[in-house]
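Breakdown of the fold
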Amino acid sequence: MSEEDPRECAEPVDPAAQAPPPKTSDYYCVDESLPVRFNNPAWFRGYRTKVPVSVYRTSNQTYGGRAPTVHEMPKVFYAKSSKFSRQLAAAGMFQNNSFNVCMEKSIVTGVDNCITSYDRLNFHPSYNPSRPSICSD
């Protein structure tokens, strides 16, 4: 077979110059202090890695699986101070080292009574050490 393969002799064609991806500032008036990542939505990708089973698919998965467009990007960015986080990282979480001195209330005898073995009227029979733990009264 003397015919040449047409795929071999074809010269590679240079791809046409592609237009740059759209920016948010091309469509909307954005704040000059807007971070660069919000002005370029093409830098973001969707979060979907594999298609979920259709029975368990939610509307949030559908929305979050797409990359954002210029119409979904913020036009203004208000940064928050990280003063609290820096202080928390330096000092650590709050730890309560106080001593608990209140008496526990009995669920069995009511909220107004405290569990004491000396109060024979309100003390539940299952707490009596000389009897079995099952109430027989």
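Everything below is about the structure printed above this text.
The paragraphs below set out a description of the structure included in this document. Owing to the predicted nature of the structure, the values given are computational and were not obtained by experimental measurement. (Residues numbered from 1 in each chain as written. Predicted model: local features only at pLDDT ≥ 70, side-chain atom pairs only at ≥ 80, totals over all residues. Heavy atoms only, no water.)

**Describing the overall build of the protein chain**
To be explicit about the condition: Under the scheme used here, helices are H or I runs from DSSP no shorter than 4 residues and strands are E runs no shorter than 2 residues, and both carry numbers assigned from the N terminus. Type-normalised accessible area, obtained with a 1.4 Å probe on protein chains alone, sets the label of each residue: buried when under 20%, exposed when over 50%, and partly exposed for intermediate values. Residue contacts follow a heavy-atom distance rule, with two residues in contact if any of their heavy atoms lie within 4.5 Å.
Helix and strand counts for the protein chain stand at five helices and zero strands. Each helix and strand of the protein chain, placed in order from N terminus to C terminus, yields the pattern α-α-α-α-α. By the burial criterion, 8% of the 137 residues in the protein chain qualify as buried. When contacts within the protein chain are restricted to residue pairs at least 6 apart in sequence, those whose partners lie at least 24 apart make up 35%.

**Focus on the pattern of salt bridges**
Threshold: Salt bridges are identified by distance alone: a Lys or Arg side-chain nitrogen within 4 Å of an Asp or Glu carboxyl oxygen.
Within the structure shown, the criterion is met by one salt bridge. With a shortest N-O distance of 3.4 Å, Glu 72 and Arg 66 are connected by a salt bridge. A relative accessible area of 33% means that Glu 72 is categorised as partly exposed. When its relative accessible area of 43% is taken as the criterion, Arg 66 is described as partly exposed.

**Notes on the packing of aromatic side chains**
Selection rule: Under the pairing criterion, centres of Phe, Tyr and Trp rings, with the six-membered ring standing for Trp, must be within 6.5 Å; the plane angle then separates stacked pairs below 30 degrees from edge-to-face pairs above 60, leaving the rest tilted. Charge over a ring is defined by NZ of Lys or CZ of Arg lying within 6 Å of the ring centre and within 35 degrees of the ring normal.
A complete count under the given rule lists one aromatic pair for this structure. Considering the side-chain rings of Phe 38 and Phe 77, the 5.3 Å spacing of their centres and the 45° angle between planes classify their relative orientation as tilted. With Phe 38 in helix 3 (residues 36-39) and Phe 77 in the loop between helix 4 (59-64) and helix 5 (83-91), this residue pair connects regions lying 39 residues apart in the sequence. Overall, the relative accessible area of 13% leaves Phe 38 in the buried class. Here Phe 77 falls in the partly exposed class, since its relative accessible area comes to 32%. It is Arg 37 that lies over the ring of Phe 38; its NZ or CZ is 4.6 Å from the centre. Directly above the ring of Phe 77 sits Arg 37, whose terminal nitrogen or CZ lies 5.8 Å from the centroid.

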